[in-house]
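Residue strings, one per chain:
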Amino acid sequence: MKQLLAMCLVLVFAVTAFAGNSPQVYAYISFDPAGDELQNAVMPAAYTTVEAYVCLGCVEGGMTVMSFGLNNVLVDCPDVIGTQAFVNLLPGGLGIGDAFDGVGITIASTECMMMDPVIVGYGSYFYLGGECCIQIVDHAQYPRWVVDCQDPGVEDYYCLAGHGSVGGAQCPDGEVCPCGSPVEDATWGGIKALYR
């Protein structure tokens, strides 16, 4: 399995000069297993498990590979979170790395993921009480990479739409992430039409 993932990654990294089919893809944290973007905050009872889903939206060309990390809440939120683990939900469960180690994880699917949103996995946390932010962070070697379903796959770069708030924590703002067709023809007439 790891050989298959390594071979996929070599193919992906060999074709970095072209844009992929999901140029508006964005990533966010949701506490809803269906990936509802509005469920980015949770007020759990103490001594319960919290699951923070890593989701991708606007995946127009599908996805097969994603590189990212999650902040280490055992360090960032001492005495708030007792344990942390990452669970890959993509078919095949292929992954290299550790989501919490500061380098990041690259996960891959054995099939093209065309749904929107794509729930790639979740962080499982044992909540002790208090406030904490669960944040998607850049992979150290392949920051914000999402590989589409072309053969061979081509990478796009996700926009970071939002983090997850646990217990009322004030988290950093996400980026404003446009979703839709990429604007390729930036003519003066096209720009003026945007403001009519």
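Residues numbered from 1 in each chain as written. Predicted model: local features only at pLDDT ≥ 70, side-chain atom pairs only at ≥ 80, totals over all residues. Heavy atoms only, no water.

### Things to note about the nonpolar core
Thinking step 1. Of all hydrophobic cores here, the largest spans 35 residues; its most connected members are L56, M63, M66, F68 and L70.
Thinking step 2. Listing elements by their share of this core, those giving two or more residues are β1 (26-30), β3 (48-57), β4 (63-70), β5 (81-88), β7 (104-113), β8 (118-127) and β9 (132-134).
Thinking step 3. Beyond its immediate chain neighbours, meaning those up to four positions away, L56 contacts V25, Y26, A27, Y28, M63, M66, D116, P117, V118, V120, V146 and Y158.
Thinking step 4. Judged by nonpolar contacts, the second largest core, of 9 residues, contains Y26, C58, Y122 and C177. (Core = buried A, V, L, I, M, F, W, Y, C linked by side-chain atoms within 4.5 Å. Buried < 20%, exposed > 50% of the residue type's maximum accessible area, 1.4 Å probe, protein only. Helix = DSSP H or I, 4+ residues; strand = E, 2+ residues; numbered from the N terminus. Contact = heavy atoms within 4.5 Å.)

### Examining a negative patch on the surface
Thinking step 1. The grouping of D36, E37, E60 and D116 at the surface amounts to a negative patch.
Thinking step 2. Among the structural elements, E37 can be located in the loop between β1 and β2 (41-42).
Thinking step 3. On the basis of relative accessibility, which here comes to 42%, the residue E37 falls in the partly exposed class. (Patch = residues over 30% accessible without salt bridge, like charges linked within 9 Å, V, L, I, M, F, W, Y side chains within 5 Å. Areas by Shrake-Rupley, 256 points an atom, 1.4 Å probe, with all protein chains shown as cover. Salt bridge = Lys/Arg side-chain N within 4 Å of Asp/Glu carboxyl O. Lys, Arg positive; Asp, Glu negative; His and termini not counted. Charge placed at Lys NZ, Arg CZ, Asp CG, Glu CD.)

### Focus: the pattern of salt bridges
Thinking step 1. The full count for this structure, using the stated rule, is 2 salt bridges.
Thinking step 2. Note that D138 and R144 form a salt bridge whose closest N and O atoms lie 2.9 Å from each other.
Thinking step 3. Owing to a relative accessible area of 37%, D138 belongs among the partly exposed residues under this scheme.
Thinking step 4. Given the relative accessible area of 19%, R144 is considered buried.
Thinking step 5. For E175, the salt bridge identified is with R144, shortest N-O distance 2.9 Å. Taken as a pair, E175 in the loop between β14 (164-166) and α3 (188-194) and R144 in the loop between β10 (136-137) and β11 (145-147) lie far apart in primary sequence, 31 residues in all.
Thinking step 6. Here E175 falls in the partly exposed class, since its relative accessible area comes to 37%.
Thinking step 7. Members of the salt-bridge network, linked through shared partners, are D138, R144 and E175.

### Some details on the side chain of S109
Thinking step 1. When you line up the elements, S109 lands in strand β7.
Thinking step 2. Taking the relative accessible area as the measure of exposure, S109 reaches 10% and is therefore buried.
Thinking step 3. Of the polar contacts made by the side chain of S109, one reaches the backbone oxygen of E111; its length is 2.6 Å.
Thinking step 4. Here S109 is in contact with T64, L90 and P91, once residues within four sequence places are set aside. (Polar contact = N/O pair within 3.5 Å; in protein donor to acceptor, adjacent residues only side chain to side chain.)

### So, the pairing of β3
Thinking step 1. In terms of burial, β3 is largely enclosed, as 7 of its 10 residues are buried.
Thinking step 2. Where β1 meets β3, 5 bridges bridge the pair, whose relative direction is antiparallel. Within β3, the position partnered with Y28 by the bridge is C55.
Thinking step 3. Both β3 and β8 contribute to a ladder of 9 bridges, which runs antiparallel. Looking across to β8, one finds that C55 is bridged to I119. (Pairing = 2+ DSSP bridges.)

Structural measurements only, silent on function.
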